[in-house]
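These are the residues of each chain, in order.
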Amino acid sequence: MIRARELHPWPSTAAEAVAIQERLRPLVRFDGEPAEVRTAAGLDVAYRDDSGRLVAAVTVVDVATLSVVDSAIVRGETDFPYVPGLFAFREAPSLLRALAELSVVPDVLVCDGQGLAHPRRFGLACHLGVLTDLPSIGVGKTAMGRYEPPGEARGAWSPLRMDDEVVGRALRTQRGVKPVFVSVGHRFTLDGACDLVLRLAPKYRLPETTRTADHLGRTAG
């Protein structure tokens, strides 16, 4: 069972949330990457309406076969405001509850969002990784930072930068398709993260972790 460490209370204001990110950021580790990644969890949140009702979906995928071996959904709601850079405070509580319901502990969390590619270098993937102490990476659909378009071939990449610092990569998972944006969350390397995303995305732009979690959340009702 995945148990989150109680490192902070959940805030009610943006100022409190920023202070928590600043305090937890030094806990992010860049070592401890698994020697072999056999299972990877996809995490996604679907919002039902503007009232804050949501469905948090987690799927665990066998990396070798890309089949789903475990899953969990949690229906919840959030009253934390919609503030760029603070999405974790809307989504993480429900995602942590869903992770706690899994019977398979994944080797890595693959978040639909950012890790180090974040204004305070502490996006959702970092936050969930630190709280669970599980290896984690972020795979964003949109860029947080600046990048030059990578080459057209599958596997081509270019640095993703914020404030002249490399925080991730724009990675081409399919020829001629818009790249995804990969960044480290916790206990992983950027090279390893990109290699894993390519393994998880043999046919489509997004990794199967994201695709299966998104599908589960949208069809949960």
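Each chain carries its own residue numbering, running from 1 in the written order of its sequence. Given that the model is predicted, a residue must reach a pLDDT of at least 70 before its local features are reported, and side-chain atom pairs must reach 80 or more before they are shown or counted; all residues, however, enter totals for whole chains, interfaces and linings. Water and hydrogen atoms play no part in the side-chain values, which are based on all heavy atoms of the structure.

Looking at an unreviewed UniProt entry, one finds the chain named Endonuclease V and attributed to Saccharopolyspora shandongensis. UniProt positions are given in the numbering used here, feature names are shortened, and annotations may be inferred rather than shown by experiment. UniProt's Sequence similarities (unreviewed entry) comment on the chain is quoted here verbatim: "Belongs to the endonuclease V family." Database annotation for the chain, UniProt heading Function (unreviewed entry): "DNA repair enzyme involved in the repair of deaminated bases. Selectively cleaves double-stranded DNA at the second phosphodiester bond 3' to a deoxyinosine leaving behind the intact lesion on the nicked DNA."

Bringing the pattern of salt bridges into the picture now. Oppositely charged side chains can pair when the atoms bearing their charge come close. Salt bridges, as used here, are contacts in which a Lys or Arg side-chain nitrogen is within 4 Å of a carboxyl oxygen on Asp or Glu. On inspection of all chains with the given rule, the structure shows 11 salt bridges. One salt bridge in this structure joins arginine 38 and aspartate 107, with 3.9 Å as the shortest N-O distance. In this pair, arginine 38 sits in the loop between α1 (14–24) and β1 (39–47) while aspartate 107 sits in the loop between α2 (88–100) and β4 (108–111), placing the two residues 69 residues apart along the sequence. When the shortest N-O distance is used, the salt bridge between glutamate 165 and arginine 121 registers 3.2 Å. Taken as a pair, glutamate 165 in strand β7 (residues 165–171) and arginine 121 in the loop between β4 and α3 (124–132) lie far apart in primary sequence, 44 residues in all. A cluster of three or more residues bridged by salt bridges with shared partners is formed by Arg121, Asp163 and Glu165. A run of H or I in DSSP counts as a helix once it spans at least four residues, and a run of E counts as a strand once it spans at least two, with each numbered from the N terminus.

Before going further, it helps to spend a moment on the UniProt feature "binding site: Mg(2+)" (unreviewed entry) in the chain. According to UniProt, the positions carrying the feature "binding site: Mg(2+)" (unreviewed entry) are Asp44 and Asp112. Look at the named residues: they lie 69 residues apart in sequence, but the longest C-alpha span between them is just 5.8 Å, so in the fold they bunch up. For aspartate 44, the position within the fold is in strand β1. With a 1.4 Å probe rolled over the protein chains alone, any residue whose accessible area is under 20% of its type maximum counts as buried; one over 50% counts as exposed, and the rest are partly exposed. Classification of aspartate 44 as buried rests on a relative accessible area of 6%. Beyond its immediate chain neighbours, meaning those up to four positions away, aspartate 44 contacts Val55, Ala56, Ala57, Leu95, Asp112, Ala213 and Asp214. Following the sequence through the fold, aspartate 112 ends up in the loop between β4 and α3. The residues touching aspartate 112, leaving out its near neighbours within four places in the chain, are Leu43, Asp44, Val139, Lys141 and Thr210. Throughout, a contact is declared for two residues whenever any of their heavy atoms are within 4.5 Å.

Residue position: leucine 54 is located in strand β2 (residues 53–62). Residues leucine 54 and valine 74, 20 residues apart in the sequence, show an inter-C-alpha distance of 8.3 Å. Not counting residues up to four positions away in its chain, the partners in contact with leucine 54 are Val45, Ala46, Tyr47, Arg48, Val74, Arg75, Gly76, Glu77, Thr78, Arg90 and Ser94.

Taken in spatial order, the eight strands of this open sheet run β3-β2-β1-β4-β5-β8-β7-β6, and their pairing is mixed. Looking at strand neighbours, the two that pair on one side only are β3 (68–77) and β6 (157–162), the edges of this open sheet. Neighbour-to-neighbour, the strand axes of this sheet turn through a mean angle of 25°, independent of strand direction. Two strands qualify as a pair provided DSSP detects at least 2 bridges between them. Summarising the sheet, β2 and β3 pair through nine bridges and their orientation is antiparallel. If you follow valine 58 over to β3, its bridge partner there is alanine 72. Working convention: axes come from line fits to C-alpha atoms, limited for helices to the stretch in contact. Angles between N-to-C directions cover 0 to 180 degrees. Lying over the sheet, α2 contacts β1, β2, β3 and β4, oriented at roughly 50° with respect to β2. Packing of helix α5 (residues 208–219) onto the sheet brings it into contact with β1, β2, β3 and β4, and relative to β2 it is tilted by some 140°.

Here we take up the UniProt feature "site: Interaction with target DNA" (unreviewed entry) in the chain. Mapped onto this numbering, the UniProt entry annotates "site: Interaction with target DNA" (unreviewed entry) at Tyr82. Counting through the fold element by element, tyrosine 82 comes out in the loop between β3 and α2. In this structure, tyrosine 82 is in contact with Phe87 and Arg90, ignoring residues within four places of it in sequence.

With respect to the secondary-structure elements, proline 9 resides in the segment before α1. On the accessibility criterion, proline 9 (62% relative accessible area) is exposed. Each C-alpha atom, one on proline 9 and one on isoleucine 20, is 8.9 Å from the other, the two residues being 11 residues apart in sequence.

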